[in-house]
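Structural overview for review
Below, each chain spelled out in residue letters.
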2 protein chains.
Amino acid sequence: MAPEPSVTLRVLGEDALIQRLCASLFTGADVLSGPGDDCAVLRSDQPGIFRLLKTDCVVEGVHFLASTEPHRIGWKAAARAVSDFAAMGGGQPREALITLIVSPERSVAWVEEVYRGLRRCADHFGFVIVGGETSRPPAGCDLAVISVSLSGTIAESACRLRSGARPANGVWVTGRLGRSFPTEKHLDFVPRMEEARWLVDRLGVTAMMDLSDGVARDLSRLAERSGVGYRIDETALPRTAGATVAEALADGEDYELLLTLELEPDAAARGEWAQRFPGLELTRIGDIVPLSTGDRERAGGWDAFQTAS
Amino acid sequence: MAPEPSVTLRVLGEDALIQRLCASLFTGADVLSGPGDDCAVLRSDQPGIFRLLKTDCVVEGVHFLASTEPHRIGWKAAARAVSDFAAMGGGQPREALITLIVSPERSVAWVEEVYRGLRRCADHFGFVIVGGETSRPPAGCDLAVISVSLSGTIAESACRLRSGARPANGVWVTGRLGRSFPTEKHLDFVPRMEEARWLVDRLGVTAMMDLSDGVARDLSRLAERSGVGYRIDETALPRTAGATVAEALADGEDYELLLTLELEPDAAARGEWAQRFPGLELTRIGDIVPLSTGDRERAGGWDAFQTAS
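Fair warning: this is a prediction, and the values are worked out from it, not measured in the lab.

1. Digging into the interface of chain A and chain B
- Listed per partner, the contact involves 78 residues of chain A and 78 residues of chain B.
- Taken together, both faces of the contact between chain A and chain B bury some 6,200 Å²; the carbon and sulfur share is 63%.
- Put simply, chain A and chain B have 8 salt bridges between them.
- E95 of chain A is paired through a salt bridge with R51 of chain B; the nearest N and O atoms lie 2.7 Å apart.

In structure tokens, the structure reads:
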């Protein structure tokens, strides 16, 4: 069922491309989980500690606009990768490498402001920028790209993969979904690091990921990795003010946590959550079911090669 | 002496930009060397072992052409970062993350061929591709970028920085310099990993780096990090067939090793080198001298923001 090699990425789609590329990659004695999860998970030299690696990028005209304040671009570039660390169960990022591709005609001030945003995120989450690379687009192209690679650690006991969801688990999300672009949440969000740590510690999370491409697509990925199906109640979706159900399902860039729980949180746990994270909703949106009785289609969401900018 | 913030990157230049950005970055208890060396060097949990981190990228129209065979692009993208691992004294890359930015109209076959080249380099040097990120340029822009982040290790005893050069050390290079683009060496070079390990083991290297931006610029960087000057004999420069002295000094992308040695290698060491690396020259091109009596200017070479493509 392999497509013709001349097929374009737009036709194949991002998930199918990644599946093809992964077929012959990503094996090694120290690799516990390669691509297909929020971070790569690796054995470390310390017992009980896993290493985490993640790379992510933002592209002008796709993830931010030429008019976006550059310090917010820097924050977003780093926070996207931190969000993936959070989604593993609250992994601690330790070192960052920055790749900056920018035209020689950009101002020094613009780059310094991007770095101010990167540093702000590094200081907030306790990691250090240890190196980078600067390059430029070819003449005549004013594209800017910032790519952030993070390395860090997580306790083996806290580490949660996408593959742990089981039938009868509840499907939950933090916060509200949809309209991240018009509200500019995508530029200023604070990765759910503390929330992820609390959830793993207190509620026995079975699987977790961050919501970057819309819950429709991301839940499908989680279900696929877990070998299960799901049913969600669209009316239960916590929506950003003004967002439609379709927007909550498919807009993307929510940077909330999507997780599955074996047990319903009791009143004490709910009270503790409300006290620790005031105003932040924790909502059950559906259930994990056996593959044979549930959904696992792609009901929309962001695809790097198929979604229009 | 800070330039006006409205100054462009073209006016400031790459090295000055990096100096400005680094002024407020890159501190941390585990960071032994941040940017300004070929790799970031970090403490590990294993005694006697340092961790190394490096990110590097190739951009279409700058580092390769639209017509370049994609498997060679993949090889080059990974080999550039491996060359930096070699330059630390033969560091072992272990895991790679790949960021691929490519238009939806590119063929699946093109991407698969890029990955075949990446994998070929990974297999050759013993590392594993553990994850990545795919994104796209904005509509109307057909730019392709491949960024490779490597993590790995090196024995503390083998690790060489740019900062170790001392007056009276000889300045040496491997191979021949210049005309890497017209000869296409830049697409197929094999990073000098074994050579770097042998040099550190046998010849007591005091400082080392790889030659990516031309020996004129790169030796100036090494001298600056070491707080020394240098004198080179331009007639001694080992030149690629057909290359002028100016090309050997400044073309860039040689991916040879630039190193400083305390002692002249004896006849036995020279014989061993010739046997281990047949046909590969090891040439003394000059001397490290006190800063007050030597050169340390930039005599040309590649600058990401100042050199024309």
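2. Here's the deal with the relation of the copies chain A and chain B
- With an axial shift of 0.0 Å and an RMSD of 0.0 Å, the rotation relating chain A to chain B amounts to 180°. Each copy turns onto its partner about a two-fold axis.

3. Observations regarding unusual backbone geometry
- Look at A168 of chain A: it is not a glycine, yet its phi comes out positive at around 85°.
- Locating A168 of chain A in the fold gives a position in the loop between β6 (145–155) and β7 (170–174).
- In this structure, R179 of chain B takes a positive phi of about 60° despite not being glycine.
- Its place among the elements puts R179 of chain B in the loop between β7 (170–174) and α5 (180–183).

4. Overview of the packing of aromatic side chains
- This structure, assessed with the given rule, holds 10 aromatic pairs over all chains.
- Note that R106 of chain B overlies the ring of W110 of chain B, its terminal NZ or CZ placed 4.4 Å from the centroid.

5. Here we look at the confidence of the model for chain A
- Summing up the model confidence of chain A, the mean pLDDT is 91 and the portion of residues at 70 or higher is 91%.
- Overall fold confidence (pTM) sits at 0.92, and the ipTM for the predicted complex is 0.90.

6. Details of helix α7 (residues 193–203) of chain B
- All buried positions along α7 of chain B are accounted for by M193, E195, A196, W198, L199, V200 and L203 of chain B.
- Just past α7 of chain B, the residue G204 of chain B takes up positive phi, approximately 60°.

7. What about the packing of helix α2 (residues 14–22) of chain A against helix α4 (residues 108–125) of chain B?
- Two elements in contact, α2 of chain A and α4 of chain B, have axes whose closest approach is 11 Å; the angle formed by their N-to-C orientations is 35°. For the element pair α2 of chain A and α4 of chain B, the recorded crossing hand is right-handed. Where α2 of chain A abuts α4 of chain B, its residues L17, R20 and L21 of chain A lie against V108, V111, E112, Y115 and R119 of chain B.
- For the contact of α2 of chain A with α4 of chain B, the per-class residue count stands at 5 nonpolar, no polar and 3 charged.

8. Observations concerning the nonpolar core
- Core analysis: the biggest nonpolar cluster contains 63 residues, and W110, V111, L118, F127, I146, V148 and L199 of chain A have the highest contact counts within it.
- Counting residues per element, this core draws most heavily on helix α3 (residues 70–87) of chain A, at 10 residues.
- If sequence neighbours within four positions are ignored, F127 of chain A has contacts with A78, V82, P93, R94, E95, A96, C121, A122 and L150 of chain A.
- Ranked by size, the runner-up nonpolar core spans 62 residues in total, among them L17 of chain A together with F85, V108 and C159 of chain B.

9. Quick word on the sheet that holds strand β5 (residues 128–135) of chain A
All names here are of chain A.
- Strand order in the open sheet made by the 6 strands is β1-β2-β3-β6-β4-β5, with mixed pairing throughout. Both edges of this open sheet fall to β1 (31–33) and β5, since each of them pairs with a single strand only. Averaged over all pairs of adjacent strands, the angle between strand axes in this sheet comes to 20°, irrespective of strand direction.
- Direction of pairing for strand β2 (residues 40–43) relative to strand β3 (residues 49–59): antiparallel, over a ladder of 4 bridges. Residue pairing in the sheet places R43 in a bridge with F50 of β3.
- Lying over the sheet, α3 contacts β3, β4 (92–101) and β6, oriented at roughly 145° with respect to β3.

Cut-offs applied
Residues numbered from 1 in each chain as written. Chains lettered and ligands numbered in written order. Predicted model: local features only at pLDDT ≥ 70, side-chain atom pairs only at ≥ 80, totals over all residues. Heavy atoms only, no water. Contact = heavy atoms within 4.5 Å. Buried area = accessible area lost by both parts, 1.4 Å probe. Salt bridge = Lys/Arg side-chain N within 4 Å of Asp/Glu carboxyl O. Least-squares fit on C-alpha atoms with pLDDT ≥ 70 in both. Helix = DSSP H or I, 4+ residues; strand = E, 2+ residues; numbered from the N terminus. Phe/Tyr/Trp six-rings, centres within 6.5 Å; stacked < 30°, edge-to-face > 60°. Lys NZ or Arg CZ within 6 Å of the ring centre and 35° of its normal. pLDDT = per-residue confidence, 0-100. Buried < 20%, exposed > 50% of the residue type's maximum accessible area, 1.4 Å probe, protein only. Axes fitted to C-alpha atoms, helices over the stretch in contact; angles between N-to-C directions. Left-handed = near helix turned anticlockwise from the far one by under 90°. Nonpolar A, V, L, I, M, F, W, Y, C, P; charged D, E, K, R; others polar. Core = buried A, V, L, I, M, F, W, Y, C linked by side-chain atoms within 4.5 Å. Pairing = 2+ DSSP bridges.

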